[in-house]
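Structure at a glance
Residue-level listing of the chains:
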Amino acid sequence: MIRGFITVFVLLQHFETDTQDLTGIDWAPNGCVLAAWDTCLEYKVLLYSLDGRLLSTYSAYEWSLGIKSLTWSPSSQFLAVGSYDEKVRILNHVTWKPIKELVHPVVVSSPKTVAYREVDKSQSVEPSQLTFPPPRGTPSSLFTVHSKYELVDVPVTLRTVKPDTDRANPELGIGMLAFSPDNRYLATKNDNMPCCVWIWDIQKMRLSVVLEQTSPVRSFHWDPVQPRLAICTGNSKVYLWSPTGCVSVQVPVEGTFNVLSLAWHPLGEDSLLLTSKDHFCICYLETSEDH
């Protein structure tokens, strides 16, 4: 005999938001606060308790395109708000006021920032020739492929594209945001610098690394267990960054497989789900114990 289960949803609270056109809501990871934001024509973030009380409202400016992206830190201590003015504002969970503005300049000049640039190389690169040592316990298969990055001296000028401001959704501003699982890093993408990934050190509130790819970045995703970022640009490679350095990895499939999006296994486990236009595959990163 098979017994069925009936799920009953009960409305706990219903309230209106103080917005012209509610664009999105995002639940804080600790389950205590809801962040709601208005249409891109008005910069407004509203923080609500679960019983509908308005805790705080934040607006950075008026009379210009506003919020484009928003994400919580895993600890719920920070709320990162990306906007069309090419800045990320970090709000704290106590006062809901900004504690830092992260600017994405065309010229990166800080000597504390590490700049990597993807380059096309046909020659083989031995692990000893990499710009960083392979960390202990890192999948050894990552270092048997050709490295496609080189260190670039700062100041470095990044490639930009001129956005078409007449379009409904111009390629301008912070289109992607993601915190690392340990709250240490924030990865961002400024859409009018489509080939760049910016990695910010949240403890020091400064730019730590910038990666410049040869093609526009399609997606990036943090490993849910450790600070390791996977990036794809629509070609047949996956790019991995960690605090020890970065490498490019050829997708080990027959034929053409252009990676358009990716996601880590929810438990980490050194496995990635990769999707192309018509197919998907799961790639496992081999460790030294696997040989």
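One can find the structure itself at the top, above this paragraph.
This structure is a prediction, so every number in the text was calculated from the model and none was measured.

About the thresholds
- Residues numbered from 1 in each chain as written.
- Predicted model: local features only at pLDDT ≥ 70, side-chain atom pairs only at ≥ 80, totals over all residues.
- Heavy atoms only, no water.
- Pairing = 2+ DSSP bridges.
- Helix = DSSP H or I, 4+ residues; strand = E, 2+ residues; numbered from the N terminus.
- Axes fitted to C-alpha atoms, helices over the stretch in contact; angles between N-to-C directions.
- Core = buried A, V, L, I, M, F, W, Y, C linked by side-chain atoms within 4.5 Å.
- Buried < 20%, exposed > 50% of the residue type's maximum accessible area, 1.4 Å probe, protein only.
- Salt bridge = Lys/Arg side-chain N within 4 Å of Asp/Glu carboxyl O.

1. Topic: the sheet that holds strand 8 (residues 98–103)
One open sheet holds the four strands; their spatial order is 5-6-7-8, and the pairing between them is antiparallel. Whereas interior strands pair on both sides, the edge strands pair on one side only; in this sheet they are strand 5 (67–72) and strand 8. Taken over all neighbouring pairs, the strand axes of this sheet differ in orientation by 20 degrees on average, direction set aside. Both strand 6 (residues 78–83) and strand 7 (residues 87–92) contribute to a ladder of five bridges, which runs antiparallel. When the sheet's bridge partners are listed, alanine 80 is paired in strand 7 with isoleucine 90.

2. Description of the nonpolar core
In this structure, Ala80, Val88, Ile90, Leu158, Leu186 and Trp198 are the most contacted members of the largest nonpolar core, which totals 22 residues. For this core, the elements supplying multiple residues, two or more each, are strand 6, strand 7, strand 13 (174–179), strand 15 (196–201) and strand 16 (206–212). Of all hydrophobic cores here, the second largest spans 18 residues; its members include Met176, Leu211, Leu229 and Cys246.

3. A word on the pairing of strand 5
Most of strand 5 sits inside the fold, with five of its six residues counted as buried. Pairing analysis gives five bridges linking strand 5 to strand 6, with the strands arranged antiparallel. Residue threonine 71 lies in a different strand from strand 6, and its bridge partner there is alanine 80. Adjacent in sequence and paired antiparallel, strand 5 and strand 6 are bridged by five residues, among which serine 76 carries a positive phi angle near 70 degrees.

4. Details of the pattern of salt bridges
All told, the structure shown has 13 salt bridges when counted by the stated rule. Two residues, arginine 89 and glutamate 101, come together in a salt bridge whose shortest N-O distance is 3.3 Å. Of this pair, arginine 89 sits in strand 7 while glutamate 101 sits in strand 8, and the two are 12 residues apart along the sequence. By relative accessible area, which is 3% here, arginine 89 ends up buried. The salt bridge partner of arginine 228 is aspartate 270, with a shortest N-O separation of 2.6 Å. Of this pair, arginine 228 sits in the loop between strand 17 (219–222) and strand 18 (229–232) while aspartate 270 sits in strand 22 (residues 268–275), placing them 42 residues apart in sequence. Note on arginine 228: relative accessible area 6%, which makes it buried. The network of salt bridges with common partners includes Asp85, Lys87, Arg89 and Glu101.

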